[in-house]
Amino acid sequence: MWTRRLAVAAALFVAAGIAPATAQTKLKWAHVYEIAEPYHTEALWAADEIKKRTNGKYEIQVFPASQLGNENQINEGLGLGTVDIIYTGVNFAGAIYKPLAITGAPFILRDFNHWKAYRDSKLFADLAKGYDDKTKHKVVALTYYGQRHVTANKPISKPEDMKGMKLRVPPAPLFLMFTKSVGANATPIAFAEVYLALQQGTVDGQENPLPTIMAKKFYEVQSHIILTGHITESLVTVVGSHVWSKLSPDEQKIFADVFKEAASHATDKIAASEQTLADEFKKLGKTVIEPDREAFRKAAIPLHNDAAAGAGWTQAQYDELQALK
């Protein structure tokens, strides 16, 4: 009898448009990174923390390693509502709102401290708002992805050594600026397919930060790691408009605070690992080369504001970025 009464009461609440106090919203967070990487482990922490701080109202399930699609597909899924939260590289977000990709240009950032100044700047806040206004999604955090370096099966010490090289790059337009600067042949390939492409010789090399090269085991199919540091890469955490618009102001603050904390934790871990991984690769028998970075930088700078090379920001935005200290 009590079971029937409770069922009837619940039905009346639903009919009246009143959700039971225990109602739970399940959300999907998609990304392309491995389960051992800080991006994923911090996403799990954030999911658990949001569940705690909202008294169980929101349960976030994290889908790593391209389980729900590659970068372009999860960005599309955010618009379709098939995923609710994503990590995505700024160059992929920049395919939708070009100025947000500004830090994806080669050698546009000087170093990690310059990156941190950008993260905390009004410029980043303004560019994130531009993306929000265009997509109605919400950028809630910026995470350090690391300095991107080239791997190959031959030594590379100067830009000319890469001329004609088939280099895998992510399938986002701005990555072509680097290949153009060194005369390499860009071969866009989805992240999950890179290892096989290297193994089979579909491409001659790829470029990624050291933590990613380790996590994805690219070193198993590449003999040389060239410390070009050509792009200081970032990820944005984005909440879909279909979710963000339904959160109360207090809930929006909880989500934003937690995602920023997770981004900060992941950033610190990635930055720390970059300091030790070159030696780890040497221990694995890899040849680690410190190339003429200044030559690479000089080759890239003339393309920074070249729309034909992928630039999509104003001169004022570029100058504001360069002025950050």
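Details of the structure are given in the entry above.
Residues numbered from 1 in each chain as written. Predicted model: local features only at pLDDT ≥ 70, side-chain atom pairs only at ≥ 80, totals over all residues. Heavy atoms only, no water.

Quick word on the nonpolar core
Then step 1. If you look at the biggest cluster of nonpolar residues, it comprises 84 residues, and the most contacted ones within it are Trp 29, Ile 60, Leu 100, Tyr 118, Phe 259 and Trp 313.
Then step 2. Looking at this core element by element, the count peaks at nine residues for helix H11 (residues 249–274).
Then step 3. Here Ile 60 is in contact with Leu 27, Trp 29, Ala 47, Ile 50, Ile 85 and Phe 259, once residues within four sequence places are set aside.
Then step 4. Among the nonpolar cores identified, the runner-up in size contains 19 residues, and Met 165, Ala 172, Phe 296 and Ala 300 belong to it. (Core = buried A, V, L, I, M, F, W, Y, C linked by side-chain atoms within 4.5 Å. Buried < 20%, exposed > 50% of the residue type's maximum accessible area, 1.4 Å probe, protein only. Helix = DSSP H or I, 4+ residues; strand = E, 2+ residues; numbered from the N terminus. Contact = heavy atoms within 4.5 Å.)

A look at the side chain of His 31
Then step 1. One can find His 31 in the loop between strand E1 (25–30) and helix H2 (38–53).
Then step 2. A residue is classified by how much of its surface remains accessible, and His 31, at 0% relative accessible area, is buried.
Then step 3. Reaching out from His 31, the side chain makes a polar contact with the side chain of His 40 at a distance of 3.0 Å.
Then step 4. Excluding residues within four positions of it along the chain, His 31 makes contact with His 40, Val 62, Phe 63, Pro 64, Ala 65, Ser 66, Ile 74 and Tyr 87. (Polar contact = N/O pair within 3.5 Å; in protein donor to acceptor, adjacent residues only side chain to side chain.)

Examining H2
Then step 1. A rise of 1.5 Å per residue sets the reference length of H2, with its 16 residues, at 22 Å; its end C-alpha atoms lie 22 Å apart and thus fit the reference within 8%.
Then step 2. Along H2, the positions that sit buried rather than exposed are Pro 38, Tyr 39, His 40, Glu 42, Ala 43, Ala 46, Ala 47, Glu 49 and Ile 50.
Then step 3. Looking one or two places after H2, you find Asn 55, whose phi comes out positive at around 55 degrees. (Expected span 1.5 Å × (residues − 1).)

Some points on the pairing of E1
Then step 1. Two strands pair when backbone bridges link them, and E1 and strand E2 (residues 58–63) are joined in this way by six bridges, in the parallel orientation. Counted as the bridge partner of Trp 29 is Val 62 from E2.
Then step 2. Crossover connection from E1 via H2 to parallel E2: handedness right-handed.
Then step 3. As paired elements, E1 and strand E3 (residues 85–89) share two bridges and run parallel to each other. Directly across from Ala 30, in E3, lies its bridge partner Ile 86. (Pairing = 2+ DSSP bridges. Right-handed = clockwise from strand over helix to strand, strands pointing away.)

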